[in-house]
Amino acid sequence: RVATPAALPLRYQERLLPAGTAVAHTHAGSQELYQWQLANLPAVDDEEAAPPLSRRTPAVALAPGAFEVQGHAGNAATWQGFGQWNYELNAGRDVLPPATLAKVAALVKNVPDARARARRVYEMLQGSTRYISVQLGLGGWQTIPAQAVASTGYGDCKALSNYTKALLAAASVPAYVALVGAGSAETDLRADFPSSQFNHAILCVPLAQGGRPDTLWLECTSQTEAFGYMGSFTGNRHALLLTPEGGKLVATPRYGATENRQERRLDLFLDATGGATATARTLRTGQEQDHYAQLLHELGPQEQKKYVTDHLRLPTFTLTRFSLAAAPAGALPGVVETLGLALPGFAPPSGKRVFISPNLLSRLPALPAQVGERQSALWLPRASIFTDTVRLHLPAGFRAEALPTAVQFATAYGTYASQYAALPDGTVQYIRHLELKRGQLPKTAYPGYLDFRRKISIADKAQIVLLKTES
């Protein structure tokens, strides 16, 4: 129930209301009254691979048209108007002290390329500032002046973005602050309902390369984030660019299967008694590396090792070697994980034969059957590619007797392929390739998705049969 002065009509958007539900809009003197009422609404089941709750349940989103914050009036009825208010509220707060201007000038001297100048400025930012949160009153909207950030070395997301914008301007690289709804679980904004749907500020740097647009995006609150990388926190969504002409909705960088990758090479050494050791090197890039980058930068080696140990799905093992390290610089940030494993009783002989599932670390489990009628759409939030190459090193006196048949299939949910080969050097090689697609499909697609996961789970458990040829 909302009461508002007649001079300030309410803006609202109804979402997924049950049939027959309507707003009761009445007048009481100088007040406008709006009321929505639901009764006997059943609970929503928690279903596998379902959209976020905010996309599945009834809601009414509310927003003002005209508004004022501590004497600063604006209008949020359009993205252009809401962005204009934000831009004007922060205009003129990007002035830097002479010492900082001189430092930037020296930093980018004799660097003709705009992207290279931006990189130097960003590295300077990361090495000299830290994040604090400002949310009280007008401070939740208006940035700390760039001069204050330069002298104190701290600011919130809008202050650090504004400060970086000022640093880039001093390096002759224009940029714009952008508002965004940040968070790895955050869904994209509702473009058809202009309103404050944001919790973060980032920086957009329009560049050109070879005569084509080559926009750069910068996360200004992190001391460790890779230059130009948005990742799961702010990538794959829309942001509101704050320009002198007002707000403009623009897309942040898109990360798909080509960028989000996990590439693993594993060598498995079997002994004659059924024990084994293994070494594994895993490179993760794009959004697949985001969580591991957090582990790398926020936890010590022992805490990292404990996390990995707790999440390895192996029955009995000892982690004999472990490291996390940043991958060599490339187009996307990456994290390299190196493991050494001792696996006692890994594949005990059964008579003259040994049965081995070579997919130690990348098995994708099947999903439980749907109980009752599916209510939700099928939600696949990330596109990724997973590749595995496993080399099985046999003990003396053993050979491969039977290898699983190659598997390959393609669906609307992704593609899968696995193959086995006995190599001339006596090893057995297993190669697996899985690509998962991103998107939202109707609820009728869920049985097909269950079948897709079931087929993968079966293929991932396939066994190689080794035969002992010597007594």
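Please refer to the structure placed before this passage.
S.K.: Honestly, the overall build of the protein chain in this entry has me stumped. Any pointers?
M.R.: Along its length, the protein chain carries nine helices and 29 strands. Over its C-alpha atoms, taken along the principal directions, the protein chain stretches across nearly 95 × 65 × 45 Å. Taking all 471 residues of the protein chain together, 46% fall into the buried category. Put simply, of all contacts in the protein chain between residues at least 6 apart along the chain, 68% involve residues at least 24 apart. Of the roughly 23600 Å² that the protein chain leaves accessible, carbon and sulfur atoms contribute 53%. Where the 45 positive side-chain charges of the protein chain centre and where its 37 negative ones centre are 4 Å apart.

S.K.: Hey, could you run me through the pairing of strand S16 (residues 246-251) in this one?
M.R.: Pairing geometry for strand S15 (residues 238-243) and S16, over six bridges, is antiparallel. What sits directly across from leucine 241, in S16, is lysine 248. Counting the residues in the hairpin turn of S15 and S16 gives two residues.

S.K.: Is there a simple way to explain the state of the cysteines in this structure?
M.R.: Such a bond, covalent and formed between the sulfur atoms of two cysteines, is termed a disulfide. If you walk through the whole model with that rule in mind, you get zero disulfides. Free cysteine cysteine 220: the closest other cysteine sulfur is in cysteine 157, separated by 9.5 Å. Cysteine 220 gets classed as buried once you look at its relative accessible area, which sits at 1%.

S.K.: Before we go on, may I ask you to explain the sheet that holds strand S1 (residues 2-5) in this structure?
M.R.: The strands that make up a sheet pair up through hydrogen bonds in the backbone, lying either parallel or antiparallel. Strand order in this open sheet of three strands is S1-S4-S3, and the pairing throughout is antiparallel. Each edge of the open sheet is held by one strand with a lone partner, namely S1 and strand S3 (24-28). The mean inter-strand angle of the sheet, taken between neighbouring strand axes irrespective of direction, is 25 degrees. Of the pairings in the sheet, the one linking S1 to strand S4 (residues 31-35) comprises four bridges and is antiparallel in character. Looking at the pairing, threonine 4 lines up with glutamate 32 of S4.

S.K.: Is there a simple way to explain the nonpolar core in this structure?
M.R.: General note: in soluble globular proteins, nonpolar side chains tend to be found buried as a group. Leu268, Leu361 and Tyr449 are the most contacted members of the largest nonpolar core, which has 51 residues in total. By residue number, the principal contributor to this core is helix H9 (residues 446-460), which donates six residues. Residues contacting tyrosine 449, with those up to four places away along its chain left out, are Ala49, Leu367, Leu378, Leu380 and Tyr413. In terms of nonpolar packing, the next biggest core, distinct from the first, is built from 42 residues, Leu89, Ala146, Leu160 and Ala201 among them.

S.K.: Quick question: what am I supposed to make of the side chain of serine 232 here?
M.R.: Mapped onto the elements of the fold, serine 232 is located in helix H6 (residues 231-234). With a relative accessible area of 10%, serine 232 lands in the buried category.

S.K.: Hey, could you run me through the sheet that holds strand S29 (residues 464-468) in this one?
M.R.: Reading across the sheet, the three strands line up as S21-S29-S24 and stay open at both edges, with antiparallel pairing between neighbours. At either margin of the open sheet sits one strand with a lone partner, and together these are strand S21 (353-356) and strand S24 (398-402). Taken pair by pair, the neighbouring strands of this sheet meet at an average axis angle of 35 degrees, ignoring direction. As defined by bridge partners, S21 adjoins S29 across four bridges and the pair is classed as antiparallel. Counterpart to isoleucine 356 in the pairing with S29 is isoleucine 464.

S.K.: How should the packing of aromatic side chains be read in this particular structure?
M.R.: The relative placement of two aromatic rings is captured by the distance of their centres and the angle of their planes. Within this structure, the stated rule accounts for 18 aromatic pairs. Measuring from centroid to centroid gives 6.4 Å for phenylalanine 82 and phenylalanine 198, while their planes differ by 10 degrees, and the two rings are stacked. With phenylalanine 82 in helix H1 (residues 79-90) and phenylalanine 198 in the loop between strand S10 (176-180) and strand S11 (200-205), this pair connects stretches of sequence that are 116 residues apart. Residue class for phenylalanine 82 comes out buried when judged on its relative accessible area of 2%. Under the relative-accessibility criterion, phenylalanine 198 is labelled buried at 16%. Every member of this aromatic cluster is reached through a ring pair, and the members are Phe67, Trp79, Phe82, Trp85, Trp141 and Phe198. Sitting over the ring of tyrosine 446, arginine 374 keeps its end group 3.9 Å from the ring centre.

S.K.: Any chance you could explain the layout of surface pockets here in plain terms?
M.R.: Where empty space is left in the structure can be found by rolling a water-sized probe over the atoms. Taken as a whole, the second largest pocket encloses approximately 390 Å³ of empty space. Residue lining of the second largest pocket: 27 residues in total, with Arg15, Arg190, Ser195, Ser196 and Gln197 positioned closest to the centre. Counting residues per element, the lining of the second largest pocket draws most heavily on strand S5 (residues 59-63), which supplies four residues.

S.K.: Any chance you could explain the packing of helix H3 (residues 114-128) against helix H5 (residues 157-170) here in plain terms?
M.R.: How two helices pack is summed up by the angle between their axes together with the distance between the axes. Running from amino to carboxyl end, H3 crosses H5 at an angle of 140 degrees, the nearest separation of the two axes being 10 Å. Classified by the angle between their axes, H3 and H5 sit oblique to one another. In this structure, H3 meets H5 at a crossing whose hand is right-handed. Counted together, Ala118, Val121, Met124 and Leu125 of H3 and Leu160, Tyr163, Thr164, Leu167 and Leu168 of H5 form the full contact between these two elements. Of the residues assigned to the contact of H3 with H5, the class counts are eight nonpolar, one polar and no charged.

The rules we used
- Residues numbered from 1 in each chain as written.
- Predicted model: local features only at pLDDT ≥ 70, side-chain atom pairs only at ≥ 80, totals over all residues.
- Heavy atoms only, no water.
- Helix = DSSP H or I, 4+ residues; strand = E, 2+ residues; numbered from the N terminus.
- Buried < 20%, exposed > 50% of the residue type's maximum accessible area, 1.4 Å probe, protein only.
- Contact = heavy atoms within 4.5 Å.
- Areas by Shrake-Rupley, 256 points an atom, 1.4 Å probe, with all protein chains shown as cover.
- Lys, Arg positive; Asp, Glu negative; His and termini not counted.
- Charge placed at Lys NZ, Arg CZ, Asp CG, Glu CD.
- Pairing = 2+ DSSP bridges.
- Disulfide = S-S within 2.5 Å.
- Axes fitted to C-alpha atoms, helices over the stretch in contact; angles between N-to-C directions.
- Core = buried A, V, L, I, M, F, W, Y, C linked by side-chain atoms within 4.5 Å.
- Phe/Tyr/Trp six-rings, centres within 6.5 Å; stacked < 30°, edge-to-face > 60°.
- Lys NZ or Arg CZ within 6 Å of the ring centre and 35° of its normal.
- 1 Å grid on protein atoms, 1.4 Å probe; cavity = no way out; pocket = protein on both sides within 12 Å on 5 of 7 lines; lining within 4 Å.
- Points joined across faces, edges and corners; volume = space filled by probe spheres on them.
- Parallel < 35°, antiparallel > 145°, perpendicular 65-115°, else oblique.
- Left-handed = near helix turned anticlockwise from the far one by under 90°.
- Nonpolar A, V, L, I, M, F, W, Y, C, P; charged D, E, K, R; others polar.

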